[in-house]
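# What the coordinates show
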Amino acid sequence: MNLLRLRTCNSLNTHCGNLWGDPAGHLSPFSAVTMNVVLYPFLFGVIALCSTWLWALTLPDTVTMRKRMEFDVPLTALWEVYTDPATQPFWRSNLARIEILSAKSPKTWKEISRHGQTILFTERFIQEPERYVLDFQLGSQTRGCYEAAFTQAEGKTVGIFKERVTVSGALPKILFRIFVNLAQEIETYGREAEVEARRRLSQEISSS
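Residues numbered from 1 in each chain as written. Predicted model: local features only at pLDDT ≥ 70, side-chain atom pairs only at ≥ 80, totals over all residues. Heavy atoms only, no water.

### A word on the overall build of the protein chain
To keep things clear, this is the line we draw: Numbering of helices and strands starts at the N terminus; helices are DSSP runs of H or I of at least 4 residues and strands are runs of E of at least 2. For each residue, the accessible area found with a 1.4 Å probe, counting protein chains only, is set against the maximum for its type, and the residue is called buried under 20%, exposed over 50%, and partly exposed in between. The contact definition used throughout considers only heavy atoms, calling two residues in contact when any of these lie within 4.5 Å.
Each helix and strand counted, the protein chain has six helices and seven strands in total. Listed by position from the N terminus, the elements making up the protein chain come as α-α-β-α-α-β-β-β-β-β-β-α-α. Looking at the protein chain residue by residue over its 208 residues, the buried ones come to 31%. Put simply, of all contacts in the protein chain between residues at least 6 apart along the chain, 46% involve residues at least 24 apart.

This is the structure we're talking about:
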């Protein structure tokens, strides 16, 4: 019986050695390279993925951004642009179309980006022409609130913008923090709205 076990072990040892290129069962230089190229990067990737996932679990669900901007157009002109969602596809660079679901106050509409992303907006509060508050929802895991407050100061229109976004789930939170820059989005929206307000003013002057 012991002899049979010895022969079996020797056979397995020889077989493993043949797989790795060494009849004695030792790792060949080729197998060592294979481990360095395949196994270690794989283990590193698994560790990195687990670490990222654990990091996501510690992130808060809600992110808040506040940004102040100044505009060289009258407050009323800027207000008209901000509160007119139907015309947004004509002046927003990243927007494909708008679907108006309810034209009566409170207005409700869908915003579809050029990448196919759909966001549902609903007016929550309007104090013309000073304060405009919207609720929005993206899918089932992202929702938030957007507020624009306008004042006139030293010949300029001052806008204070607040955006609060709540994201649930580890993966959505990771993707949100990688791909979404709230400050940049507020800035881009504001500057494009300013250009549109200036265009409308010029059109009014030309037609008068």
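There is more to say, and it comes next.
### Concerning the pattern of salt bridges
Here is the rule: By definition, a salt bridge exists where a carboxyl oxygen of Asp or Glu is found within 4 Å of a side-chain nitrogen of Lys or Arg.
Going through the model one piece at a time under the given rule, you end up with 14 salt bridges. In this structure, E187 and K67 form a salt bridge, with 3.5 Å as the shortest nitrogen-oxygen distance. Of the two residues, E187 sits in helix α6 (residues 182-207) while K67 sits in strand β1 (residues 62-71), which places them 120 residues apart along the sequence. Overall, E187 belongs to the partly exposed group, its relative accessible area being 23%. Residue classification places K67 among the partly exposed residues on the basis of a relative accessible area of 22%. One salt bridge in this structure joins R198 and E194, with 3.4 Å as the shortest N-O distance. Taken as a pair, R198 and E194 lie in helix α6 at a separation of four residues, close to a single helical turn. Sharing partners across several salt bridges, the network here consists of K67, E187, R191, E194 and R198.

### Section: the layout of surface pockets
Keep this limit in mind: Cavity: a set of points on a 1 Å grid over the protein atoms alone where a 1.4 Å probe fits but cannot get out. Pocket: an open set with protein on both sides within 12 Å along at least five of seven lines, its lining residues, like those of a cavity, having an atom within 4 Å of a point. Grid points are joined across faces, edges and corners, and a volume is the space filled by probe spheres set on the points. Gly is put with the polar residues, along with every residue not named as nonpolar or charged; the nonpolar set is Ala, Val, Leu, Ile, Met, Phe, Trp, Tyr, Cys and Pro, and the charged set is Asp, Glu, Lys and Arg.
The computed volume of the largest pocket comes to approximately 980 Å³. What lines the largest pocket is a set of 33 residues, among which E111, Q117, I119, E163 and E185 lie closest to the centre. When residues of the lining of the largest pocket are traced back to their parent elements, those giving at least two are β3 (108-113), β4 (118-127), β5 (131-138), β6 (142-153), β7 (156-167), α5 (170-179) and α6. Here the lining of the largest pocket gets seven residues from one element, more than from any other, and that element is α6. Looking at the lining of the largest pocket residue by residue, the classes come out as 19 nonpolar, nine polar and five charged.

### Regarding the pairing of β6
Here is the rule: Paired strands, as defined in this entry, are two strands with at least two bridges between them according to DSSP.
In this structure, β5 lies alongside β6, joined through eight bridges in antiparallel fashion. Within β6, the position partnered with L138 by the bridge is T142. Counted along the chain from β6 to the antiparallel partner β7, the turn is two residues long, and its residue E154 has a positive phi close to 55 degrees.

### Describing the nonpolar core
As a reminder of what qualifies: Nonpolar cores were defined as sets of buried Ala, Val, Leu, Ile, Met, Phe, Trp, Tyr and Cys residues, with membership established by side-chain atoms within 4.5 Å.
The biggest cluster of nonpolar side chains holds 30 residues, and the ones touching the most others in it are F71, L78, Y82, Y146, F150 and F161. Elements that contribute at least two residues to this core include exactly β1, α3 (75-82), β2 (95-102), β4, β5, β6, β7 and α6. A total of six residues in this core trace back to one element, the largest contributor, which is α3.

### Considerations on the packing of α3 against α6
Basically, it comes down to this: Think of each axis as a best-fit line through the C-alpha atoms, taken over the contacting stretch in the case of a helix, with angles from 0 to 180 degrees between the N-to-C directions. Angle categories are assigned with fixed cut-offs, so that under 35 degrees is roughly parallel, over 145 is roughly antiparallel, 65 to 115 is roughly perpendicular, and the rest are oblique. Left-handed is the label given to a crossing in which the near helix is rotated counterclockwise from the far helix by less than a right angle, and right-handed is the label when the rotation is clockwise.
Interhelical geometry of α3 versus α6 gives an angle of 115 degrees and a closest axis separation of 9 Å. Here α6 runs roughly perpendicular to α3, going by the angle between their axes. Where α3 crosses over α6, the two elements pack in a sense that is right-handed. In this structure, α3 contributes A77, L78, E80, V81 and Y82 to the contact, and α6 contributes Y189, G190, A193, E194, E196, A197, R200 and L201. Considering only residue class, the contact of α3 with α6 consists of eight nonpolar, one polar and four charged.

### Describing a nonpolar patch on the surface
Formally: Patch members must show over 30% relative accessible area and no salt bridge, and they are joined within 9 Å when carrying like charges or within 5 Å when they are nonpolar side chains of Val, Leu, Ile, Met, Phe, Trp or Tyr. Note that accessible areas follow from Shrake-Rupley with a 1.4 Å probe, and for residues the cover is restricted to the protein chains shown.
Residues L171, L175, I178 and F179 make up a contiguous nonpolar surface patch of roughly 440 Å² in combined accessible area. Within the secondary structure layout, L175 lies in helix α5.

### Concerning α5
The cut-off we apply is this: Arc definition: directions from the helix axis to the C-beta atoms.
Of all the residues in α5, the buried ones are A170, K173, I174 and F176. The arc enclosing the buried residues of α5, seen along the axis, measures out at 165 degrees, which places them on a common side. Within α5, the exposed residues directed more than 90 degrees away from the buried face are I178 and F179.

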